[in-house]
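Here is what each chain is made of, one letter per residue.
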Amino acid sequence: MLMMERVKLDKSKVQGRFIYHFFKRALDIVASACALIILFIPGMVLAFLIRHEDHGPSFYSQERIGKDGKPFKMYKFRSMIVNADQLVDQLEAQNEINGAMFKIKDDPRVTKIGHTIRKYSLDELPQLWNVLIGDMSLVGPRPPLPSEVEEYTDYDFQRLSVTPGCTGLWQVTKRNDANFDEMVELDLDYINHSGFWYDLEIIFKTIGVMIHPNGAINSKKCKSIC
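Presented here is a report on the structure given in the accompanying data block. Since the model is a prediction, treat every value here as computed from it, not as a measurement.

### Notes on the nonpolar core
Next up, step 1: Membership of the largest hydrophobic core comes to 32 residues, with the highest contact counts inside it found for M136, L138, V139, V184, L188, Y190 and I191.
Next up, step 2: Contributions of two or more residues to this core are made by α1 (18-38), β2 (71-77), α5 (127-133), β3 (137-139), α8 (180-193) and α9 (196-211).
Next up, step 3: Counting six residues, the second-largest nonpolar core is a separate cluster that includes L46, A47, I113 and I117.

Printed below as a string of structure tokens:
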């Protein structure tokens, strides 16, 4: 375990802090808008390749739970076969982790191009739209599925005190080696130490992880087309 004792959420880090939240939101808007413009043509090429492989849709939307338990639609490039949702129950027995999370190695639902875009986290680029419209932030706890939140304890629910993010502390530290409890503790640790420069540090570390991936493809944590 990374931390011997449970992290206690500092509520002062969630409430108030107008200046921090203002600049955090400003960064989200400017960075996501610029990235969407720059990546538009490469994104369309990637969308064509995804559709060309099995003639299914290029994009996938899924209901996730955001700040204070509010549901929203999260967007991704599709990295799994079209009927992946229908196969969840068949794969439940292969879940490799305890807690409100699903983890399976070498998921048979992942397509050929899905392996590549997951390895470099390219499947998550459409989430920049979620950031632009305010459902997500660049940095924050990953948004869980409704079925996962149903299993949350009051302690786990604390990670929903802030806007969810595209990346966060556990993605640039333990990443695929983190179990559910460690993920929650790392999310709360991020919230307790959150700040503008800390967010920038995590963003730059995330870019490094994307350039030099550490096995994201083998340990995607999701119950459907994650």
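### A short note on the side chain of N130
Next up, step 1: Note that N130 resides in helix α5.
Next up, step 2: Leave out the neighbours within four places in its chain, and N130 touches F72, K73, M74, Y75, D135 and M136.

### Details of the packing of α1 against α9
Next up, step 1: Remark: α1 packs on α9, axes separated minimally by 10 Å, with the N-to-C direction vectors making an angle of 30 degrees. One way to sum up the angle between α1 and α9 is to call them roughly parallel. From α1, Y20, F23, K24 and L27 reach across to α9, where they touch F196, D199, L200 and I203.
Next up, step 2: Tallied by class, residues from the contact of α1 with α9 come to six nonpolar, no polar and two charged.

### Considering a nonpolar patch on the surface
Next up, step 1: Taken together, the side chains of F40, I41, M44, V45, F48, L49 and F59 define a hydrophobic patch exposed on the protein surface, amounting to about 720 Å² of accessible area.
Next up, step 2: Sorting elements by how many residues they give to the nonpolar patch places helix α2 (residues 40-54) first, with six residues.
Next up, step 3: Topologically, F59 is positioned in strand β1 (residues 59-65).
Next up, step 4: In this structure F59 comes out as partly exposed when scored by relative accessible area, which is 41%.

### Side note on the pairing of β2
Next up, step 1: Inspection of the sheet shows β1 paired to β2 by seven bridges, in the antiparallel sense. Across the sheet, the residue bridging to Y60 is K76, located in β2.
Next up, step 2: Count of turn residues in the β1/β2 antiparallel hairpin: five residues, of which D68 carries a positive phi of about 60 degrees.

### Some thoughts on the environment of F59
Next up, step 1: For the pair F59 and F77, spaced 18 residues apart in the sequence, the C-alpha separation amounts to 4.5 Å.
Next up, step 2: When near neighbours in sequence (up to four residues on either side) are disregarded, F59 contacts M44, A47, K76, F77, R78 and P126.

### Thoughts on the packing of α2 against helix α4 (residues 112-119)
Next up, step 1: Orientation of α2 relative to α4, taken along the N-to-C sense of each, is 150 degrees, at an axis distance of 9 Å. Taken together, the axes of α2 and α4 are roughly antiparallel relative to one another. For the pair formed by α2 and α4, the contact residues are L46, L49, I50 and E53 on the first element and K112, I113 and I117 on the second.
Next up, step 2: Within the contact of α2 with α4, the residues separate by chemical class into five nonpolar, no polar and two charged.

Rules behind the numbers
- Residues numbered from 1 in each chain as written.
- Predicted model: local features only at pLDDT ≥ 70, side-chain atom pairs only at ≥ 80, totals over all residues.
- Heavy atoms only, no water.
- Core = buried A, V, L, I, M, F, W, Y, C linked by side-chain atoms within 4.5 Å.
- Buried < 20%, exposed > 50% of the residue type's maximum accessible area, 1.4 Å probe, protein only.
- Helix = DSSP H or I, 4+ residues; strand = E, 2+ residues; numbered from the N terminus.
- Contact = heavy atoms within 4.5 Å.
- Axes fitted to C-alpha atoms, helices over the stretch in contact; angles between N-to-C directions.
- Parallel < 35°, antiparallel > 145°, perpendicular 65-115°, else oblique.
- Nonpolar A, V, L, I, M, F, W, Y, C, P; charged D, E, K, R; others polar.
- Patch = residues over 30% accessible without salt bridge, like charges linked within 9 Å, V, L, I, M, F, W, Y side chains within 5 Å.
- Areas by Shrake-Rupley, 256 points an atom, 1.4 Å probe, with all protein chains shown as cover.
- Salt bridge = Lys/Arg side-chain N within 4 Å of Asp/Glu carboxyl O.
- Pairing = 2+ DSSP bridges.

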